[in-house]
Amino acid sequence: MEILVSKQGQLSNFEVYSLLSDVKLSSSSSSLTSSSFESNVCSFLESVSPSLPFLSSSSLKSFLNDMRTNFPSLSTFELLQFVNLLPSSVVELYLILSDCDSRFSEDDLSHMLSLVHSHLSSSSSVDFSKV
Amino acid sequence: MFILTRIEERMSIAPEHFNKSLQDAIQEHVHGQYSAKFLPQVGQCVSVYDIISSTAPKILPDKCEYHIEVVFRLVVFRPLFNEILTARIIAADPRGLRLSIGGFFTKVKLLPHLLQEGTTWDALEKIWVWNYEDHRLYMDVGDLVRFRVQAVHYDSVGRMKIHGRVNESGLGMLKWWM
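All values derive from a computational prediction rather than experimental measurement.

Draft legend 1. Just the layout of surface pockets, in detail. By volume, the second largest pocket is sized at about 270 Å³. Forming the boundary of the second largest pocket are 13 residues, of which S12(A), E15(A), L64(A), L80(A) and V83(A) lie nearest the centre.

Printed below as a string of structure tokens:
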């Protein structure tokens, strides 16, 4: 076994969740079974981000497009954290954004939260028992 | 939280898999070998992402199986420095706290100097307590904590360990900020 590239790229929680959900669905028609480990990861992702089952590639793409257009200074890492954490409060934005006060106004932060809400939210509550 | 790792491997496919398509046989082999395994100096494998390429299968003299070289990508759990994660406290003692991420990764530590300022160890109740203004806020075993990845280490055999910190606003027990 040879590791050609140890870190070829990063995946969002949504991409991993979609992959593992597809493995679960296809395992019934093939001998490839979804391991309990994969199921644990899938359940964990669903529990910390209840919106995941309701998201789509198109909703993520449109969210990222809007964020990049309105806030071009956001780094790839910050955008990844937006997509993974799905922040709903200013406190969470301060966790994601480095040097927040000097880069963004209160209106900017409100705008970011409204973009998250309009593109990526659901009304489900967190199932903490699976975390 | 997750990265893609690209790997090349020479694998043997046994006769009982000859009735499957080559793609299925490779997929099953890689899945069986790597799902839930740890990759030294990389991280915890989660699943196969895709099969990129494979050579034509070769049957060697005196062997019943066929050999093939495959390039594939794996989904690997490996958090990034400064990333924000949620985990459950599974143990606490004067040396700090140990956390579990989803039950599938348990080598996460919060050391005392990286807890919220004013957090002390209560030796009687055997619990870490954040003394914030007039409040005593407990870090109960079994409850959820949000932390920032402070460092990702690898031990002598390449197993990953994560150190986190909660010494900023918005971090610590989820119940404190809800």
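Draft legend 2. Local environment of helix α2 (residues 36–48) of chain A. If you check α2(A), its first and last C-alpha atoms are 18 Å apart, about what 13 residues at 1.5 Å a residue would give, namely 18 Å. Of all the residues in α2(A), the buried ones are F37(A), E38(A), V41(A), C42(A), F44(A), L45(A) and S47(A).

Draft legend 3. Quick look at the side chain of E92(A). Residue placement: E92(A) occurs in helix α5 (residues 90–96). Of the polar contacts made by the side chain of E92(A), one reaches the backbone nitrogen of S88(A); its length is 2.8 Å.

Draft legend 4. Examining the pairing of strand β11 (residues 135–139) of chain B more closely. All names here are of chain B. Two elements, strand β10 (residues 127–132) and β11, share five bridges in a ladder whose sense is antiparallel. Among the inter-strand pairings, W128 is bridged to a residue of β11, identified as M139. Where β10 hands over to β11, the hairpin turn is made up of two residues, of which E133 adopts a positive phi near 50°.

Draft legend 5. Here's a closer look at the environment of A87(B). All names here are of chain B. Relative to the assigned elements, A87 resides in strand β6 (residues 84–93). The exposure class of A87 is buried, given its relative accessible area of 0%. Remark: the alpha-carbon pair of A87 and F147, spanning 60 residues in sequence, is separated by 7.9 Å. Those residues within four positions of A87 in sequence are excluded, and the remaining contacts are L99, S100, I101, D143, L144, V145 and F147.

The rules we used
Residues numbered from 1 in each chain as written. Chains lettered and ligands numbered in written order. Predicted model: local features only at pLDDT ≥ 70, side-chain atom pairs only at ≥ 80, totals over all residues. Heavy atoms only, no water. 1 Å grid on protein atoms, 1.4 Å probe; cavity = no way out; pocket = protein on both sides within 12 Å on 5 of 7 lines; lining within 4 Å. Points joined across faces, edges and corners; volume = space filled by probe spheres on them. Helix = DSSP H or I, 4+ residues; strand = E, 2+ residues; numbered from the N terminus. Expected span 1.5 Å × (residues − 1). Buried < 20%, exposed > 50% of the residue type's maximum accessible area, 1.4 Å probe, protein only. Polar contact = N/O pair within 3.5 Å; in protein donor to acceptor, adjacent residues only side chain to side chain. Pairing = 2+ DSSP bridges. Contact = heavy atoms within 4.5 Å.

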